[in-house]
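# Examination of the molecular architecture
For reference, the chains in residue letters:
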Amino acid sequence: MLAIRNLSIAFPGPAGPARVVDDVSVAVGRGESLGIVGESGSGKSMLSLATIGLLPGSARTSGEILLDGKDILRLRERELCSLRGRRIGMIFQEPMTALNPAMTAGQQIAEGIRLHRTVGRSEARAEALRLLDRVRIPDPARRIDSYPHEMSGGQRQRVGIAIALALKPDLLIADEPTTALDVTVQKEILDILDELVADLGLSLILISHDLGVIARSTDRTLVMCRGRAVEEGPTETVLRHPSAQYTRDLIAALPRRARAGLGDEARHAAGGAR
Amino acid sequence: MTALAKVSGASFRLRRPGRAALLVGGILTAVLVGVALLSLVWTPEDPARMRILQKLKGPLVSGLLGTDHLGRDVASMLMRGAFNSLTTAFAAVGLGAVLGTLAGVAAAARAGFDAVLMRICDALFALPPILSAIMLGALLGPGALTAIVAIGVFMIPVFARVTRGAAMQIWARDYIMAARMAGKGTARITLEHVLPNIAGQVIVQVTIQLAMAILTEAGLSFLGLGLPPPAPTWGRMLAESQTYMLQAPHLALAPGLAIAAAVLGLNLLGDGLAARLDPRRRQAS
Amino acid sequence: MLRHLLRRAAGFAVTFLLISVLVFCMMEIVPGDPASAMLGTSATPETLAALRAQMGLDAPAAIRYLRWLGGLATGDMGVSFTYGVPVGGLIRERLAVTLPLTGLAVLLAVGIALPLGVTAAARPGGVADGAATLYAQAGIAVPNFWIGLLLIMVVALGLGWLPAGGFPGWDQPAAALRALLLPALALAIPQSAVLTRVTRASVVEVMNEDFVRTARAKGASVSRALWRHAVPNALVPVITMLGLQISFLIGGAVLVENVFTLPGMGRLAWQALAQRDLIVIQNVVMVFATIVIVVNLGVDLLYTVVDPRLRRRA
């Protein structure tokens, strides 16, 4: 469904253009989940922004990002607007700052619905309430009128998921969705995410520096380093029999207990997907 | 997302607006001060000399910028007016900067002072300088002192707020704690550590407030609350031009442009200096 | 929320009392008093003393201060000797010019500054940004009374579109509005320059926030992200600046009313000074200061409307 071909992204810098993504190719099939792993600054976030057409204006790109055959890099702004939210949803890393502090949770979820569908205010609100319930927010009838500062980090991220999934997009991009959260909350958020992705049959791009998260939730994995794709394959293979030295280093950098758990989880996740 | 922030930040930092502002502002201000000082030793004509036969002549017909309704040379009046405007502005800002900085630093040093001083500042800030000048005018009569005190008093809260905020940031630093441990008193720490560190922000504020003072002084002399005649002021030149608006529009244009150029120069200089001296703005730009 | 407001109101009450003491003391040390100014130099000591007693000027300063405060509250501020009418009525009549003038100026200033600042912030470094920066720098530098002169020269006398001065009174609303338009514009231009600058800086900062990107990822267009998401979150500094400007607006009103010969509070104060009508000066200054204080209280209220995060702050 999504095919990225020879994508390069560069920014003009003081010492000539700086490439943050260098000739990356990867594909995600319908209902398939792809994990992108790498250190911060490896270009994984830029890759995801490019996919939803939200690179900063100074970015220069080459290659193509095909969504059902249409190249996102060549779409007009108007076409991109109708695509964003409707066909591609996105969840961001910082639940603290990713929500508008001046709008209630309900308004922010309903906004996307009303942007893409001709529905009335009350209908959009009812839909927002259903979505809040689906992301298992306690007491959704009250939370729908809460402002972000009145919610915990985990609740905000649930609202973030509700916003991204409001229009049942075909592809969900989650950029470090649990990194900023407490460990206990991380698991809840991942559970909700996994369940919704499975229920709705979405394709998922999950970006993380956390190999445990990648192992539990993805079918295939792309390892990125300094803008380049160093390794790509089924998650289990990549994590248990890494071919690139960089991937081996990443795994070796984990604490031993986490590494042991990784094998289990990878096996588990891979088994569950089949 | 750190990568995104870095990249977009870099593209902003490439063009440094501070430098151009500093240059243009510096030149304009230098010209203003130069002309003001020059007017003490030389002007094309005596700015107070009336030549009724030469009245209301256009620019270049008589003198560089023409003459007013009493035949006085406009260019000479503008030059001396620059001096009068600047001295009043300097005195007023000096008054506000010294008292305001003292109040601000004291408020930052002692929580006890803080509430009282800031209340007084609020009160002073609610009195626009033109209203103070009208009250002072009843007390002292119009003149330089009225203008200086009216503008200066209004600037006390301005300087107090800026220095209080800046000084509080300094007080929160670790080396202040170290100085405390070494047994230094509040006054000594203020003198040795706080004042030197906020000097940059005070200088920036002085520059910007000089521009404000020039604007206000022009307003006061426009109302007849500034220097008394025959001393030429930009404000009174504008007030007198009102009667001859159609016959001699240059009388309204020249002083207005002089005020605008002076204020623009000082504001640009202040912006340029802020980009260099003010740590808050340095981060923001 | 209520406690916060009450505390702010108490703070403003203290400020009000401080100013009133300051104003009262200043008028106390002014040589001569209203009675001697009224009677002139030819008055005998006996008639002067009689008038003083009649006006209550022979009471101790503290009593007269309290009487004055009471009078301010009830609107009974004494009698102007130049106009021979109660000061309270005089001020009400003049406020009917000055308040609409400054209100119109604020509307114009915001009406210019908001679109200009937001458009500039949409593309920092773009053409609109350059134009807005230029406007801001130039607008801050020009005195409002000079803009008034230029507007009279060009729009009133040159083109003949609007009156050059004077005020027909509110029984002719259309003509009254026309008379206020140029003076309000003269007041508004420098204020809008300052506001443009603040708006631009604030919106640029907010546009870099994560939640703007979230909105774009939902499918919001650039202009929707700008106006619906960035602008509401960028208003706090703009409102702060509006509050700070009220002092300058009132000072400016004194000047502009004189340029356009509008019978407002500023012209009243200026004429009172020329006539040494001390009662009028004292009360006009106090009313102006009260307006500044009340506007600042209003700004505090506006914060909580604009930013839901501030609503809960006790």
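Since this is a predicted model, take the numbers as computed values, not measurements. (Residues numbered from 1 in each chain as written. Chains lettered and ligands numbered in written order. Predicted model: local features only at pLDDT ≥ 70, side-chain atom pairs only at ≥ 80, totals over all residues. Heavy atoms only, no water.)

Here we come to the overall build of chain A. Of the regular secondary structure elements, chain A holds 11 helices and 10 strands. In summary, chain A has a C-alpha radius of gyration of 19 Å against a globular reference of 19 Å for 274 residues, a match within 12%. Expressed along its principal axes, the backbone C-alpha trace of chain A runs to roughly 55 × 45 × 35 Å. Each of the 274 residues in chain A was classed as buried or not, and the buried ones make up 56%. Accessible surface, chain A as shown: approximately 12,000 Å² in total, 49% of it carbon and sulfur. If you average the places of the 36 positive and of the 34 negative side-chain charges in chain A, the two averages end up 2 Å apart. (Helix = DSSP H or I, 4+ residues; strand = E, 2+ residues; numbered from the N terminus. Rg over C-alpha atoms; globule rule 2.2 N^0.38 Å. Buried < 20%, exposed > 50% of the residue type's maximum accessible area, 1.4 Å probe, protein only. Areas by Shrake-Rupley, 256 points an atom, 1.4 Å probe, with all protein chains shown as cover. Lys, Arg positive; Asp, Glu negative; His and termini not counted. Charge placed at Lys NZ, Arg CZ, Asp CG, Glu CD.)

The next subject is the sheet that holds strand β5 (residues 70-71) of chain A. Each strand in a sheet pairs with another by means of backbone hydrogen bonds, the pair being arranged parallel or else antiparallel. Residue and element names in this part refer to chain A. Taken together, four strands build an open sheet; the order of strands is β2-β1-β4-β5 and the sheet is antiparallel. Edge positions in the open sheet fall to β2 (16-28) and β5, since each of these has one partner strand only. Relative to strand β4 (residues 60-67), strand β1 (residues 2-13) runs antiparallel, the two sharing seven bridges. The residue of β4 that forms the bridge with serine 8 is serine 62. Relative to β1, helix α1 (residues 44-51) is tilted by about 115°, and along the sheet it contacts β1, β2 and β4. (Pairing = 2+ DSSP bridges. Contact = heavy atoms within 4.5 Å. Axes fitted to C-alpha atoms, helices over the stretch in contact; angles between N-to-C directions.)

The full count for this structure, using the stated rule, is 39 salt bridges over all chains. Here C:Arg216 and A:Glu77 are joined by a salt bridge, their closest N and O atoms 3.1 Å apart. With one member in each of two chains, C:Arg216 in helix α9 (residues 210-218) and A:Glu77 in helix α2 (residues 77-83) form a pair that bridges those chains. Its relative accessible area of 13% is what places C:Arg216 among the buried residues. Look at A:Glu77 and you get partly exposed, because its relative accessible area is 35%. (Salt bridge = Lys/Arg side-chain N within 4 Å of Asp/Glu carboxyl O.)

Residues and elements named next belong to chain A. Taken together, the six strands give an open sheet; going across it, the order is β6-β7-β8-β3-β9-β10, and neighbouring strands pair in mixed fashion. Each edge of the open sheet is held by one strand with a lone partner, namely β6 (88-91) and β10 (228-234). Taking each pair of neighbouring strands and ignoring which way they run, the sheet shows an average axis angle of 15°. The sheet contact formed by strand β3 (residues 33-37) and strand β8 (residues 203-208) spans five bridges and is parallel. Residue serine 33 lies in a different strand from β8, and its bridge partner there is leucine 204. Helix-sheet contacts for helix α6 (residues 153-165) involve β6 and β7 (171-175), and the interaxial angle to β6 is about 170°.

All right, on to the interface of chain B and chain C then. Each partner contributes residues to the interface: chain B has 47 residues there, and chain C has 48 residues. With both chains or domains summed, chain B and chain C bury close to 4,100 Å², and 80% of this area falls on carbon and sulfur atoms. Where chain B touches chain C, the interface holds one salt bridge. The salt bridge partner of B:Asp271 is C:Arg197, with a shortest N-O separation of 2.8 Å. Between the two partners, chain B and chain C, sit six residue pairs in polar contact (both at pLDDT 80 or more). At the level of elements, α1 (2-14), α4 (111-125), α5 (129-140), α6 (144-171), α8 (186-222), α9 (234-241) and α10 (250-277) of chain B are the ones that each hand at least two residues to the side of chain B that touches chain C. Ranked by residues supplied to the side of chain B that touches chain C, first place goes to α10(B) with 11 residues. Considered class by class, the residues forming the side of chain B that touches chain C number 36 nonpolar, six polar and five charged. (Buried area = accessible area lost by both parts, 1.4 Å probe. Polar contact = N/O pair within 3.5 Å; in protein donor to acceptor, adjacent residues only side chain to side chain. Nonpolar A, V, L, I, M, F, W, Y, C, P; charged D, E, K, R; others polar.)

Residue and element names in this part refer to chain A. For β7, a buried count of five out of five residues is recorded, marking the element as mostly surrounded by other parts of the structure. Judged by which residues are buried, β7 turns out to be covered on both faces: Leu171, Ile173 and Asp175 on one side and Leu172 and Ala174 on the other are all buried. Pairing of β6 with β7, which is carried by four bridges, proceeds in the parallel orientation. Bridged to isoleucine 88 within β7 is leucine 171.

Further remarks concern a nonpolar patch on the surface. All names here are of chain B. Among the surface-exposed residues, Val33, Leu37, Leu38, Leu40, Val41 and Trp42 lie close enough to one another that they form a single nonpolar patch of about 580 Å² accessible area. Within the fold, tryptophan 42 resides in the loop between α2 (17-41) and α3 (74-109). A residue is classified by how much of its surface remains accessible, and tryptophan 42, at 48% relative accessible area, is partly exposed. (Patch = residues over 30% accessible without salt bridge, like charges linked within 9 Å, V, L, I, M, F, W, Y side chains within 5 Å.)

This brings us to α6(A). All names here are of chain A. For α6, which comprises 13 residues, the first-to-last C-alpha distance of 18 Å matches the rise-based estimate of 18 Å (1.5 Å per residue) to within 8%. Buried residues dominate α6, accounting for 12 of its 13 residues. Within the sequence span of α6, burial applies to Gly154, Gln155, Arg156, Gln157, Arg158, Val159, Gly160, Ile161, Ala162, Ile163, Ala164 and Leu165. (Expected span 1.5 Å × (residues − 1).)

According to UniProt, the feature "domain: ABC transmembrane type-1" (unreviewed entry) maps to residues 82-270 of chain B in the numbering used here. Its end C-alpha atoms 19 Å apart, residues 82-270 of chain B is made of 83% helix and 0% strand. (UniProt positions renumbered as here; feature names shortened; annotations may be inferred.)

One finds B:Ile214, B:Phe222, B:Trp234, C:Ile19, C:Ile91 and C:Ile281 to be the most contacted residues of the largest nonpolar core, which totals 140 residues. Shared between two domains, this core takes at least three residues from each, and those domains are domain 1 (20-86) and domain 2 (89-311) of chain C. Setting aside residues no more than four positions away along its own chain, C:Ile281 makes contact with B:Ile134, B:Met135, B:Ala138, C:Met27, C:Ala269, C:Ala272 and C:Leu273. Counting residues in each nonpolar core, the second largest holds 38 residues, with A:Phe11, A:Ile36, A:Ile88 and A:Ile205 among its members. (Core = buried A, V, L, I, M, F, W, Y, C linked by side-chain atoms within 4.5 Å. Domains from an automatic or database assignment.)

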